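Here are the chains, one letter per residue:
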Amino acid sequence: MKIRVLAGAMLALQLAAMPVRAAADTAFERLAVCKDSWLDMQTRDPAQMKKIGDYLRANFTHKDNDAFFTPKGNESIAGFRVLQLFPQSVGMGVGFSATIAAPFDKARAAFEKSFGKPLTKCDASDGMKSCELDIAEKRTFTLMADDKPGSTQTLVGCYYYYEK
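Every value quoted in this text rests on a predicted model; they were computed, and no experiment measured them.

*Asks:* Please provide a residue-by-residue account of the overall build of the protein chain, values included.
*Replies:* Tallying secondary structure elements over the protein chain gives 4 helices and 10 strands in all. Helices and strands appear in the protein chain in the N-to-C order α-α-α-β-β-β-β-β-β-α-β-β-β-β. When burial is assessed residue by residue, the protein chain has 34% of its 164 residues classed as buried. Residue pairs in contact within the protein chain that sit at least 24 positions apart in sequence constitute 44% of those at least 6 positions apart.

What follows is the structure, encoded as structure tokens:
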């Protein structure tokens, strides 16, 4: 009897903790795919911005000179494992992005399915291939990867001010 009660209590605790993890994962995924904007969130919902920041600090590591954060555990965007997270910028682009463990074509197909439309403005030059999709004013979803055969990493993200 005691074992059943203990097992039930453990299951209840695990189930209670699950929505918090899922909500946090959803928050940074929504930022990466332009469903939410940290640019807008800074002024409209600072409490949500703080929650996301707290989640990132608790679940990612950051070294002083790196532009990226590295997940401590399994984090994903669109089902792909996150390798690095760039919460502010990459080069000239200001936004929220991540490097995911997925070849470019596989990632492109998944995001096109997610958006329900094809990514546009695709280009291959300077050893890189990329596609983007304008989501809203000051929000462009971008997909970018090395053009070398066998490349297994793709940068995905939402950019607000973007050098075009």
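*Asks:* Describe the environment of Gln153, with residues and values.
*Replies:* You can see Gln153 is positioned in strand β10 (residues 153-161). Taking the relative accessible area as the measure of exposure, Gln153 reaches 42% and is therefore partly exposed. On a C-alpha basis, the gap between Gln153 and Leu83 in space is 8.5 Å, while along the polypeptide they are 70 residues apart. What Gln153 contacts, discounting residues up to four positions off in sequence, is Leu83, Thr99, Ile100, Ala102 and Ala145.

*Asks:* Can you lay out helix α4 (residues 104-115) for me, pointing to particular residues and giving the numbers?
*Replies:* Taking 1.5 Å of rise per residue, 12 residues should cover 16 Å, and α4 covers 16 Å from first to last C-alpha, within 8% of that figure. Those residues of α4 lying buried are Phe104, Ala107, Phe111 and Phe115. Down the axis, α4 shows its buried residues gathered within 70 degrees of arc, on one side only. Summarising the geometry of α4, the exposed residues directed more than 90 degrees from the buried face are Asp105, Lys106 and Lys113. Backbone geometry just downstream of α4 places Gly116 in the positive-phi region, at approximately 75 degrees.

*Asks:* Let's hear about the state of the cysteines: which residues, and what values?
*Replies:* Counted under the stated rule, the structure contains 2 disulfides. The side chain of Cys34 participates in a disulfide bridge whose partner is Cys158; the two sulfur atoms lie 2.1 Å from each other. When the S-S torsion is 115 degrees, as for the bridge of Cys34 with Cys158, the disulfide is right-handed. Of this pair, Cys34 sits in the loop between α1 (2-32) and α2 (38-44) while Cys158 is found in strand β10, placing the two residues 124 residues apart along the sequence. Take Cys34 and Cys158: they sit in the same class, and that class is buried.

*Asks:* I'd like to hear about the side chain of Ser97, residue by residue, with values.
*Replies:* Mapping Ser97 onto the fold places it in strand β6 (residues 93-101). Here Ser97 falls in the buried class, since its relative accessible area comes to 0%.

*Asks:* Could you give an account of the pattern of salt bridges, naming the residues involved and the relevant values?
*Replies:* Scanning the model with the defined rule gives 8 salt bridges in all. Two residues, Arg30 and Asp36, come together in a salt bridge whose shortest N-O distance is 2.8 Å. Between Glu112 and Arg108 there is a salt bridge; the shortest N-O distance is 3.0 Å. Separated by 4 residues within a single helix, Glu112 and Arg108 lie in helix α4, roughly one turn from each other. Beyond isolated ion pairs, a larger network of salt bridges with shared partners links Asp40, Arg44 and Arg139.

*Asks:* Describe in detail the pairing of strand β8 (residues 128-136), supporting the description with residues and values.
*Replies:* The pairing of strand β7 (residues 120-125) with β8 spans 4 bridges and is antiparallel. Bridge pairing in β8 links Asp123 to Ser130. Between the antiparallel neighbours β7 and β8 lie 2 residues, among them Asp126 with a positive phi of about 55 degrees. Bridge analysis of β8 against strand β9 (residues 139-146) gives 8 bridges, and the strand direction is antiparallel. Residue pairing for β9: Glu132 is matched across the bridge by Thr142.

Rules and cut-offs
- Residues numbered from 1 in each chain as written.
- Predicted model: local features only at pLDDT ≥ 70, side-chain atom pairs only at ≥ 80, totals over all residues.
- Heavy atoms only, no water.
- Helix = DSSP H or I, 4+ residues; strand = E, 2+ residues; numbered from the N terminus.
- Buried < 20%, exposed > 50% of the residue type's maximum accessible area, 1.4 Å probe, protein only.
- Contact = heavy atoms within 4.5 Å.
- Expected span 1.5 Å × (residues − 1).
- Arc of directions from axis to C-beta.
- Disulfide = S-S within 2.5 Å.
- Salt bridge = Lys/Arg side-chain N within 4 Å of Asp/Glu carboxyl O.
- Pairing = 2+ DSSP bridges.

Coordinates in, geometry out; function isn't part of it.
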